[in-house]
Amino acid sequence: MPGLFCAKEDAAVAENGNVPVTLNGTTVRGLIDSLGDDAEMLDLMEEMLTDFENYHQSVYRMEISLMVRNHRNTDTDRVNEMTEQLDKARTGRHDKLLDDIILMNRMAAQQGLPPVYDGTVSKERPYRRQVANAVFAYVEEIIHGRR
C-alpha cells in the first residue's frame, strides 16, 4: 500500500530482516464474540475500533491540508497555527489508539486469545509508527472486505 509506510522505517525493517507486524483480525473478531451480549463492553470495543478510523482520518486531513496550503499564497503564521492544531489533534488520536491497542491486548489475554497486535506498543519511535502502519493496513482490510 503506497504511502502508508515510512521509507526510512521500512528500510530499517528490511535491514533487520523483520517482517512488519499486523493486527490480528481473528483476535478482534474473537474478542467481539467473547463479549456476548454485554452492551457496555461491545460499545467499548466499537469505540476502540472506531478510533482506528479517527486516527486514519486525522492523518489524511493533515497531509491533504499541508499539500494544499503549500500551493497557496497564505499567511505563514496562519498556516503554521493551523498545522500545529492539526498535528496536535493527530497526535492525540495516535496516543488514544496506542492506549486502545494495549487495552485490546489485555482483553485478548484475559480471553486466552493471541494479542491483537504482537509488536511493541510504545509512544516512542519507531514503534509508534509501526503500530500506526498496522492500524492503517487493518482499516484498509476492513474497507476492502466490506459487504
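Residues numbered from 1 in each chain as written. Predicted model: local features only at pLDDT ≥ 70, side-chain atom pairs only at ≥ 80, totals over all residues. Heavy atoms only, no water.

1. Comments concerning the overall build of the protein
And then number 1: Helix and strand counts for the protein stand at 5 helices and 0 strands.
And then number 2: In sequence order, the secondary structure elements of the protein are arranged as α-α-α-α-α.
And then number 3: For the protein, the residues scored as buried account for 33% of the 147 residues in total. (Helix = DSSP H or I, 4+ residues; strand = E, 2+ residues; numbered from the N terminus. Buried < 20%, exposed > 50% of the residue type's maximum accessible area, 1.4 Å probe, protein only.)

2. Overview of the confidence of the model for the protein
A low pLDDT score tells you not to read the predicted coordinates there in detail.
And then number 1: Looking at the protein, the pLDDT average stands at 85 and 84% of residues meet or exceed 70.
And then number 2: Per-element averaging of pLDDT across the protein places helix α1 (residues 7-16) at the bottom with 39 and helix α2 (residues 25-34) at the top with 96.
And then number 3: Ignoring residues within four places in sequence, the model shows residues 1-17, a span with pLDDT below 50, making 15 contacts including any to other chains. (pLDDT = per-residue confidence, 0-100. Contact = heavy atoms within 4.5 Å.)

3. Quick notes on the packing of aromatic side chains
And then number 1: With the rule as written, the count across this model stands at 2 aromatic pairs.
And then number 2: Ring plane angle 85° and centroid distance 6.0 Å describe the contact between F52 and Y138, whose orientation is recorded as edge-to-face. Pair noted here: F52 is in helix α3 (residues 39-69) and Y138 is in helix α5 (residues 127-144), with a separation of 86 residues, a long-range link. Y138 matches F52 in its accessibility class, with the two residues each being buried.
And then number 3: For the ring pair Y55 and F136, a centre distance of 5.4 Å and an interplane angle of 10° mean the geometry is stacked. Linking Y55 in helix α3 with F136 in helix α5, this pair joins segments that are 81 residues apart in sequence. Accessibility classification places Y55 together with F136 in one group, the buried group. (Phe/Tyr/Trp six-rings, centres within 6.5 Å; stacked < 30°, edge-to-face > 60°.)

4. Things to note about the packing of α3 against α5
And then number 1: Viewed as axis vectors pointing N to C, α3 and α5 meet at an angle of 105°, and their least axial separation amounts to 10 Å. One way to sum up the angle between α3 and α5 is to call them roughly perpendicular. Contact residues: L49, F52, E53, Y55, H56 and V59 in α3; A132, V135, F136, Y138, V139 and E140 in α5.
And then number 2: Considered class by class, the residues forming the contact of α3 with α5 number 9 nonpolar, 1 polar and 2 charged. (Axes fitted to C-alpha atoms, helices over the stretch in contact; angles between N-to-C directions. Parallel < 35°, antiparallel > 145°, perpendicular 65-115°, else oblique. Nonpolar A, V, L, I, M, F, W, Y, C, P; charged D, E, K, R; others polar.)

5. Examining a negative patch on the surface
And then number 1: Residues D37, D38, E40, D43 and E46 make up a contiguous surface patch of negative charge.
And then number 2: Among the structural elements, D37 can be located in the loop between α2 and α3. (Patch = residues over 30% accessible without salt bridge, like charges linked within 9 Å, V, L, I, M, F, W, Y side chains within 5 Å. Areas by Shrake-Rupley, 256 points an atom, 1.4 Å probe, with all protein chains shown as cover. Salt bridge = Lys/Arg side-chain N within 4 Å of Asp/Glu carboxyl O. Lys, Arg positive; Asp, Glu negative; His and termini not counted. Charge placed at Lys NZ, Arg CZ, Asp CG, Glu CD.)

6. As for the packing of α3 against helix α4 (residues 76-110)
Any two packed helices are characterised by how steeply their axes cross, that is the angle between the axes, and by the distance between the axes.
And then number 1: Their axes nearest at 9 Å, the elements α3 and α4 cross at an angle of 155°. Compared by their axis directions, α3 and α4 come out roughly antiparallel. The two elements α3 and α4 meet at a crossing, and its hand is left-handed.
And then number 2: Of the residues assigned to the contact of α3 with α4, the class counts are 18 nonpolar, 6 polar and 9 charged. (Left-handed = near helix turned anticlockwise from the far one by under 90°.)

7. A word on the side chain of T27
And then number 1: By the secondary structure assignment, T27 is in helix α2.
And then number 2: Judged by its relative accessible area of 2%, T27 is buried.
And then number 3: If we ignore the near neighbours within four places in the chain, the residues touching T27 are A108, L113, P114, P115 and V116.

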